[in-house]
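Residue strings, one per chain:
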Amino acid sequence: AQSVAQPEDQVNVAEGNPLTVKCTYSVSGNPYLFWYVQYPNRGLQFLLKYITGDNLVKGSYGFEAEFNKSQTSFHLKKPSALVSDSALYFCAVRDKEGSYIPTFGRGTSLIVHP
Amino acid sequence: NAGVTQTPKFQVLKTGQSMTLQCAQDMNHEYMSWYRQDPGMGLRLIHYSVGAGITDQGEVPNGYNVSRSTTEDFPLRLLSAAPSQTSVYFCASSYSTSKDTQYFGPGTRLTVL
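For every chain, the first residue of the written sequence is number 1, and numbering continues from 1 along that sequence. Chain letters start at A and ligand numbers start at 1, both assigned in the order the entries are written. Since the coordinates come from a predicted model, pLDDT governs what is reported: local features require at least 70, and pairs of side-chain atoms require 80 or more to be given and counted, while whole-chain, interface and lining totals use all residues. No hydrogens and no water enter the side-chain calculation; it runs on all heavy atoms of the structure.

S.K.: Is there a simple way to think about the packing of aromatic side chains in this case?
M.R.: Pairs of aromatic rings are described using the distance from one ring centre to the other and the angle between the two planes. Aromatic pairing here means that ring centres of Phe, Tyr or Trp (its six-membered ring) are within 6.5 Å. Orientation follows from the plane angle: under 30 degrees is stacked, over 60 is edge-to-face, and everything else is tilted. One pass over the full model with this rule turns up 12 aromatic pairs over all chains. A centroid spacing of 5.7 Å and a plane angle of 80 degrees characterise the contact between tyrosine 36 of chain A and phenylalanine 104 of chain B, whose relative ring orientation is edge-to-face. One end of the pair, tyrosine 36 of chain A, is in strand E5 (residues 31–38); the other, phenylalanine 104 of chain B, is in strand E10 (residues 103–104), on a second chain. Of the two residues, tyrosine 36 of chain A and phenylalanine 104 of chain B, neither departs from the other in class, the shared state being buried. Every helix listed is a DSSP run of H or I at least four residues long, and every strand listed is a run of E at least two residues long, numbered separately from the N terminus. Think of it in three bands: residues with accessible area under 20% of the maximum for their type are buried, residues over 50% are exposed, and the middle band is partly exposed, with areas taken using a 1.4 Å probe on protein chains only.

S.K.: Mind showing me how you'd approach the nonpolar core here?
M.R.: A general tendency of soluble globular proteins is for nonpolar side chains to be buried together. Counting residues in each nonpolar core, the largest one holds 28 residues, and the members touching the most others are Trp35, Leu47, Leu48, Phe74, Leu76 and Tyr89 of chain A. Listed by contribution, the elements that provide at least two residues to this core are strand E2 (10–14), strand E3 (19–21), E5, strand E6 (44–50), strand E8 (64–68), strand E9 (73–78), strand E10 (87–95) and strand E12 (108–113) of chain A. The biggest single contributor to this core is E10 of chain A, with 4 residues. The residues contacting leucine 48 of chain A, other than those within four sequence positions of it, are Leu33, Phe34, Trp35, Val57, Lys58, Gly59, Phe63, Glu64, Ala65, Phe74 and Leu76 of chain A. By nonpolar core is meant a set of buried Ala, Val, Leu, Ile, Met, Phe, Trp, Tyr and Cys residues that side-chain atoms within 4.5 Å join together. By size, the runner-up hydrophobic cluster in this structure holds 20 residues, among which are Met27, Trp34, Val60 and Phe74 of chain B. Here, two residues are considered to be in contact whenever any of their heavy atoms come within 4.5 Å of each other.

S.K.: Can you walk me through the pairing of strand E9 (residues 87–94) of chain B in this structure?
M.R.: Looking along a regular strand, one sees side chains alternate from face to face of the sheet. Residue and element names in this part refer to chain B. Buried residues dominate E9, accounting for 8 of its 8 residues. Of the two faces of E9, the one carrying Ser87, Tyr89, Cys91 and Ser93 and the one carrying Val88, Phe90, Ala92 and Ser94 are both buried. A pair of strands is treated as paired once DSSP finds two or more bridges between them. Pairing geometry for strand E4 (residues 31–38) and E9, over 7 bridges, is antiparallel. Across the sheet, residue serine 33 finds its bridge partner in E9, namely alanine 92.

S.K.: I tried to follow the sheet that holds strand E7 (residues 64–66) of chain B on my own but got confused; where do I start?
M.R.: Within a sheet, adjacent strands bond to each other through the backbone by hydrogen bonds, running parallel or antiparallel. All names here are of chain B. Taken together, 4 strands build an open sheet; the order of strands is E1-E3-E8-E7 and the sheet is antiparallel. Two strands in the sheet have a free side with no partner beyond their single neighbour: strand E1 (4–7) and E7. Direction aside, neighbouring strands of the sheet carry axes that sit 20 degrees apart on average. Alignment of E1 against strand E3 (residues 19–25), held across 4 bridges, turns out to be antiparallel. Of the residues in E3, the one forming a bridge with threonine 7 is glutamine 22. Axis definition: a line fitted to C-alpha atoms, over the contacting stretch in the case of helices. Angles run 0 to 180 degrees between N-to-C directions.

Set out below in structure tokens:
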């Protein structure tokens, strides 16, 4: 079985400040981890993914995420938030040795204040 | 490439009516899936397909049918719409390995009165 938790429904941050959106996961084997972003009235767009190798993954729009196996986490980060980063963010996991059906978290709404 | 396309963008139905939500992709992806998105519920998988002629149920399949006669198309049918099916529906596709990224369509906003 696999699962994803996004413990915060909403994250508020001031423009220019660093942001973190949290994600923890559970899988039987090794994980493939993904972050997607959804802007209002749009479909989900891929941001970044961890497959193997370097624990720090860099993605689109200046976002990065750190894979931490011991804490089973894959938090999304950005050094300096922009108002345009305001959106809904989804973490997803697939078990490398299991089904290729992903499990999505419930989503975290990021609000960046000017 | 057009990517993943969905029609219609918006639809209003009366209880008991039927309709088909269309989904097509031009990336030769084997894996296609349908999700519904409801406030506070995240994305829930309705049905998925790993290739033409093969479909399977996801987390919330009741009230929905699918078929996959071609690689490109994966329509979702509501046989008798209910107000509980009011939601935003997303189609997604990917290659079939676990590490592949999913590509999502723009969504269909469905209201059932």
